[in-house]
Amino acid sequence: MTHYYIWTIGCQMNDADSRRAAEELQRLGYLPTPRAEEADVVLLNTCVVRQKAEDKVYGRLSSLKPLKERRPEITLAVMGCLVAPETRRDLGRRFPYVDLWLPPSEVKGLVEFLGKRGEPVPFTYPVSAYVPVVTGCDQYCTYCIVRLRRGRERSRPMKEVLEEVRCLVERGVQEVTLVGQIVDSYGHDLPGQPTLADLLGEVHEVEGLWRIRFLTSHPNFMTDGLVEAVASLPKVCEHIELPVQAGDDRILKRMGRRYTVSQYRSLLAKIRGRIPGVSLATDVIVGFPGETEEEFKGTYRILEEERFDVVHVAAYSPRPATPAARLPDDLPPEEKERRRRALEKLQANIAEEINQALLGETLEILVEERRKGKWKGRTRTNKLVFFPDDNDWRGKLAPVQITWAGPWSMQGHLNAPTPPGG
Ligand code: SAM
Ligand code: F3S
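These figures come from a predicted structure and were not determined experimentally.

Caption draft 1: Main features of helix 7 (residues 158-170). Its 13 residues place the ends of helix 7 18 Å apart at the C-alpha level, agreeing with the 18 Å of an ideal helix rising 1.5 Å per residue. Of the positions making up helix 7, those classed as buried are Val161, Leu162, Glu164, Val165, Leu168 and Val169. Summarising the axial view, the buried residues of helix 7 lie within an arc of 160°, below the 170-degree limit, and thus occupy one face. Facing away from the buried side of helix 7 by more than 90 degrees, the exposed set consists of Lys159 and Glu170. Turning to helix 7, the residues buried within the fold contact helix 1 (12-27), strand 6 (128-135), strand 8 (175-180) and helix 8 (196-204). Looking one or two residues past helix 7, Gly172 carries a phi angle of roughly 105°, positive in sign.

Given below as structure tokens:
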């Protein structure tokens, strides 16, 4: 039997691409294995958003060298944001043992290279799946390499997205997350210019689908119509990922984000006013070139005052060929780390307080899998919940009463004796 192994880091788009690659490989007759050493095809799906991610990729690539030397017949393929026309030659020189370099999302190239191996192997679909709806990015965030590597924005026609969602639902998927670098700019490049709100309305009609999410949203594209769609469509979960990046207008300007702190905060107020119980996630960067203590405090303040459910904090990392890379990266690593830690600590306290307010409540959990003897699932607001039970709850909606709440997850017990229909 021939086996494949996929290693993925980075954003949800990469997760979606890896799922598509796995599906295709099984269609070609390959079996999955959790160990690279046992595989005949090894695919690394890479991310270079920060130097740390890029270094991890190099580490993984180097660690595979002995395997490829021992078994030269295996196929080693590298996909994702590491691979670009401008890096391709240098990569080939540094890692001559890689057989195939594929730009982001280029699953087709892998399929063509490998060809059919045997009878299709049935694919186990997840309970919750990512569906790419718009690829690339047309924004000019000055720190960001992703837009350079993933190219111009392209929306997938509504019909194509709907077909994929229907197909997934037929195969047991119950929740879809529509993904794009700027998912809320969906549609402007399509005939008739449908919006993300229109797409949500259509996806909502798919029978058998229980929940719909979307990410990541850019504040400048979050229209009233979209907020209204989230508020009024019952399957669309009340959770919005809306990166702010910084809490200071000068930094936002230098980042090329094209909104002010007060515009962002008005948007949050509008969302909260229209969608009761909404959970909000954001991304911030600390240590952008020239960020003063005062400017950093602006970011601290917005987290303190807006009380997000989740905050992804990143230390600024200069990226080749981005406009910000021409500015001096003048904050010492220790100072970036101090700022990052201060925000992490603040956010851990806030998230714990928010989650503890849910103690004693019974929440609807869509159960994804069993992990370490417990069932793992998510609330509509995207919070992780674990609970014990001997019945099979995978892919079911479980009413769970929350008994313990920490900043990153919650624990509870079932408020129903058996799964519906089980
Ligand atoms: N499209 C999304 C948006 O609206 O901003 C985010 C895309 S980006 C791939 C994911 C996150 O990585 C960003 O939100 C940002 O916080 C972080 N990031 C991007 N470039 C970075 C850099 N050079 N240094 C540190 N963090 C960075
Ligand atoms: Fe990057 Fe900004 Fe687009 S963070 S992916 S250029 S919205």
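Caption draft 2: Local environment of the environment of Lys297. Residue placement: Lys297 occurs in helix 12 (residues 293-306). Lys297 gets classed as partly exposed once you look at its relative accessible area, which sits at 40%. Sequence spacing of Lys297 and Arg265 is 32 residues, and the spatial spacing of their C-alpha atoms is 16 Å.

Caption draft 3: Examining the sheet that holds strand 10 (residues 239-241) more closely. A sheet is described by the order of its strands in space; here 3 strands give the open sequence 10-11-12, paired in parallel fashion. The open sheet has two free edges, formed respectively by strand 10 and strand 12 (310-315), since each of these has just one partner strand. With strand direction ignored, the average angle separating the axes of adjacent strands in the sheet is 15°. Across 3 bridges, the pairing between strand 10 and strand 11 (residues 279-286) is parallel. Counted as the bridge partner of Ile240 is Leu280 from strand 11.

Caption draft 4: Local environment of the sheet that holds strand 6. With mixed pairing, the 4 strands of this open sheet are ordered in space as 7-6-8-9. At either end of the open sheet lies a strand with only one pairing partner, and these are strand 7 (154-155) and strand 9 (211-215). One ladder, built from 2 bridges, connects strand 6 with strand 7; its direction is antiparallel. For Val134, the partnering residue across the bridge sits in strand 7 and is Ser155. Packed onto the sheet, helix 1 meets strand 6, strand 8 and strand 9 and runs at close to 110° relative to strand 6. Across the sheet, helix 7 is in contact with strand 6 and strand 8; its angle to strand 6 comes to roughly 170°.

Caption draft 5: Representation of the pairing of strand 15 (residues 384-387). In the sheet, strand 14 (residues 374-378) pairs with strand 15 via 4 bridges, with the strands oriented antiparallel. Looking across to strand 15, one finds that Lys376 is bridged to Phe386. Between the end of strand 14 and the start of strand 15, which pair antiparallel, lie 5 residues, with Asn382 showing a positive phi angle near 70°. Pairing geometry for strand 15 and strand 17 (residues 410-414), over 2 bridges, is parallel. The partner of Phe386 across the bridge, within strand 17, is Gln411.

Caption draft 6: Quick look at the nonpolar core. Counting residues in each nonpolar core, the largest one holds 67 residues, and the members touching the most others are Val176, Leu200, Phe214 and Ile271. Tyr58, Ile74, Tyr97 and Ile145 belong to the second largest nonpolar core, which has 27 residues in total.

Caption draft 7: Focus on the pattern of salt bridges. Evaluated as defined, the whole model comprises 41 salt bridges. Residue Glu293 pairs with Arg338 through a salt bridge whose shortest N-O separation is 2.8 Å. Here Glu293, found in helix 12, pairs with Arg338, found in helix 13 (residues 333-356); they are 45 residues apart in sequence, far enough to count as distant. For Glu293, a relative accessible area of 31% translates into the label partly exposed. With a closest N to O distance of 2.8 Å, Arg339 and Glu335 form a salt bridge. One end of the pair, Arg339, and the other, Glu335, are both in helix 13, 4 residues apart, so they sit about a helical turn from each other. What makes Arg339 buried here is its relative accessible area of 4%. Shared partners join several salt bridges into a network, and the residues in it are Arg19, Glu23, Arg156, Glu160 and Glu164.

Caption draft 8: How the structure looks around the packing of helix 8 against helix 9 (residues 224-232). Contact geometry of helix 8 with helix 9 gives a least axis separation of 8 Å together with a crossing angle of 20°. Judged by the angle between their axes, helix 8 and helix 9 are roughly parallel. Judged by the sense of rotation from one axis to the other, the crossing of helix 8 with helix 9 is left-handed. Counted together, Leu196, Ala197 and Leu200 of helix 8 and Gly225, Leu226 and Ala229 of helix 9 form the full contact between these two elements.

Caption draft 9: Main features of the site of ligand 1. The full set close to ligand 1 counts 15 residues, and Tyr143, Gln181, Gln245, Asp283 and Ser317 are the nearest of them. Backbone polar atom of Tyr143 to a nitrogen atom of ligand 1: 3.0 Å apart, as the coordinates give it. Between ligand 1 and the protein, one listed contact pairs a nitrogen atom with a backbone N or O atom of Gln181 at 2.6 Å. Protein coverage of the free-state accessible area of ligand 1, which is 570 Å², stands at 90%. When residues of the shell around ligand 1 are traced back to their parent elements, those giving at least two are strand 11 and strand 12. Counted by class, the shell around ligand 1 contains 8 nonpolar, 3 polar and 4 charged residues.

How each quantity is defined
Residues numbered from 1 in each chain as written. Chains lettered and ligands numbered in written order. Predicted model: local features only at pLDDT ≥ 70, side-chain atom pairs only at ≥ 80, totals over all residues. Heavy atoms only, no water. Helix = DSSP H or I, 4+ residues; strand = E, 2+ residues; numbered from the N terminus. Expected span 1.5 Å × (residues − 1). Buried < 20%, exposed > 50% of the residue type's maximum accessible area, 1.4 Å probe, protein only. Arc of directions from axis to C-beta. Contact = heavy atoms within 4.5 Å. Pairing = 2+ DSSP bridges. Axes fitted to C-alpha atoms, helices over the stretch in contact; angles between N-to-C directions. Core = buried A, V, L, I, M, F, W, Y, C linked by side-chain atoms within 4.5 Å. Salt bridge = Lys/Arg side-chain N within 4 Å of Asp/Glu carboxyl O. Parallel < 35°, antiparallel > 145°, perpendicular 65-115°, else oblique. Left-handed = near helix turned anticlockwise from the far one by under 90°. Near = heavy atom within 4 Å. Polar contact = N/O pair within 3.5 Å; in protein donor to acceptor, adjacent residues only side chain to side chain. Areas by Shrake-Rupley, 256 points an atom, 1.4 Å probe, with all protein chains shown as cover. Nonpolar A, V, L, I, M, F, W, Y, C, P; charged D, E, K, R; others polar.

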